[in-house]
Amino acid sequence: MGSEAADTGLRERIEGLMGQVRAELAELVAIPSVADPRQFPPEECARAARWVRDAFAGAGFTDAWLAEMSDGSQAVLGSRPCPDPDAPTVLLYAHYDVQPPLNEAAWRTPPFELTEVGGRWYGRGAADCKGNILVHLAALRALGDQVPVNLKLVVEGSEETTGALEEFVPGNAGLLRADAILICDSGNAAVGQPAVTVSLRGVADVIVGVEALTSELHSGLFGGAAPDALAALVAMLATLRDDRGNTTIPGLDNTQVWRGAPYPAETFRADAGVLEGVSLLGDGAVADMVWSRPAVTILGIDCPPVDGSAAAITPRASAKLNLRVPPGTQTGEAAEALVRHLRAVAPWGVRVTTEIEAPGPPFAARTGGPAYQAIEAAMREAYGRPMVTLGDGGSIPLCNVLADAYPDAELILMGVEEPLALIHAPNESVDPAEIAAMALTEALFLQRYAAIRR
Ligand SMILES: [Zn+2]
């Protein structure tokens, strides 16, 4: 049997499974598995966990079970050994918890009722990440008994909140150990344009406080000579970018260039909702700015609010800054550089306090190994065009945890969450064609990876 024949059969089988995919995705989306007990009862997450466990048990993970995490959430774990003793092991990842609907009034369809509009399926979690759960299930069902690798499974239930799986992995490394890990919680550059994400930025928060006076002072009697803590803070924050919007922190390289697929400026403007007439920032291309260079965002400022403010000079003020750094930069060192810079530019001898919170490292996938060869070939065959590599300006701490626990494993980030999916926003949706093509990709990958490794 040649690969052509195998492909044709798989493609048709997945096409034939799409009715079931839709029905099951509708069941799963109807469970509001928001992992925040203040917003939704924890029983909803428990229901989703049981649904996922039972679905994968039916797809050959006969030992599928619920593992209790430190935050009380449950991860669905399982394994599906293959008779060939030399077969490699592939870990399938997804999560069943979802973001809250947020602004319900902004939804055009009920958030927990899968609804088709214009060929897309709308609902909270339809893409992130329940659509990816259906990708795994459709791939497995299309392959039937012919899965030529050992499979392991983890579908976690607190990815959007505590990330408790990150704590679980080091102490339970044997359960998830694999040669290749398919982290299906990402997406293509656009519908029909296959991609894997190979780079994530690291993140750290820095809180900076400024103090100049013992208390508020009348701005008429003292203004002009009294040092104003808020003015000092504003001056310090203003030095974090140059006129063109480049992040300017001594010691942090702001010239690196992205080597993978571009992020077209017009697409970015639309994705980001940038108002007409407002410029994008930085001297680099969009992909350079969001994937390869550092960025500082001012998350919040503590100072008197406009309503209720008095004619007084502010004695103290503080800001929370969010720093993102690309692979190749140590997050902790970058945060220290930011702190040194803030202290150096503080005017008038004001007192400065700083605090660095929870630095998380950047991630760069090790590409070029057998799993990457196999996914590249699988995507080309499934989509009929070559795969590209993307970055992600955000952070997925689990990737670093898995890379540390399994230094020899190849991590592949992919999935159905392309930009139109609007994950985490109102009106989240998934393109069913992406579910079908990703499922075909995954099935072809499992075949090809086994063949390459043999
Ligand atoms: Zn997700």
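The rules behind each value
Residues numbered from 1 in each chain as written. Predicted model: local features only at pLDDT ≥ 70, side-chain atom pairs only at ≥ 80, totals over all residues. Heavy atoms only, no water. Helix = DSSP H or I, 4+ residues; strand = E, 2+ residues; numbered from the N terminus. Pairing = 2+ DSSP bridges. Axes fitted to C-alpha atoms, helices over the stretch in contact; angles between N-to-C directions. Contact = heavy atoms within 4.5 Å.

Asks: Whenever I open this one, unusual backbone geometry confuses me. Can you help?
Replies: The phi angle of most residues is negative, glycine excepted, and most peptide bonds adopt the trans form. A cis amide bond, omega 5°, links D128 with the succeeding residue C129. Structurally, the position occupied by C129 is in the loop between β5 (120-122) and α3 (130-143). Its identity as a non-glycine residue notwithstanding, W348 has a phi of 65°, on the positive side. Along the chain, the position of W348 falls in the loop between α10 (331-345) and β14 (351-360).

Asks: I'm lost on the sheet that holds strand β4 (residues 115-117) in this one. Help?
Replies: The strands making up a sheet associate through hydrogen bonds between their backbones, and the pairing can be parallel or antiparallel. If you walk across this open sheet you meet the three strands as β4-β5-β18, and the pairing is antiparallel. Only two strands of the sheet have a single partner each, and these edge strands are β4 and β18 (429-430). In the sheet, β5 pairs with β18 via two bridges, with the strands oriented antiparallel. Opposite W121, over in β18, you have V430 as the bridge partner.

Asks: Is there a simple way to explain the sheet that holds strand β9 (residues 202-211) in this structure?
Replies: The strand order across the open sheet formed by four strands is β11-β13-β9-β14, and the pairing between neighbours is antiparallel. Of all strands in the sheet, those with a lone pairing partner are β11 (295-302) and β14, marking the two edges. Strand-to-strand, the axes of this sheet are offset by a mean angle of 20°, without reference to chain direction. Sheet topology places β11 next to strand β13 (residues 316-325); seven bridges connect them, and they run antiparallel. What sits directly across from A295, in β13, is R324. Across the sheet, helix α7 (residues 229-238) is in contact with β9, β11, β13 and β14; its angle to β13 comes to roughly 15°. Along the sheet, α10 contacts β9, β13 and β14; its crossing angle with β14, the most-contacted strand, is approximately 165°.

Remember that the coordinates give geometry; whether it matters functionally is a separate question.
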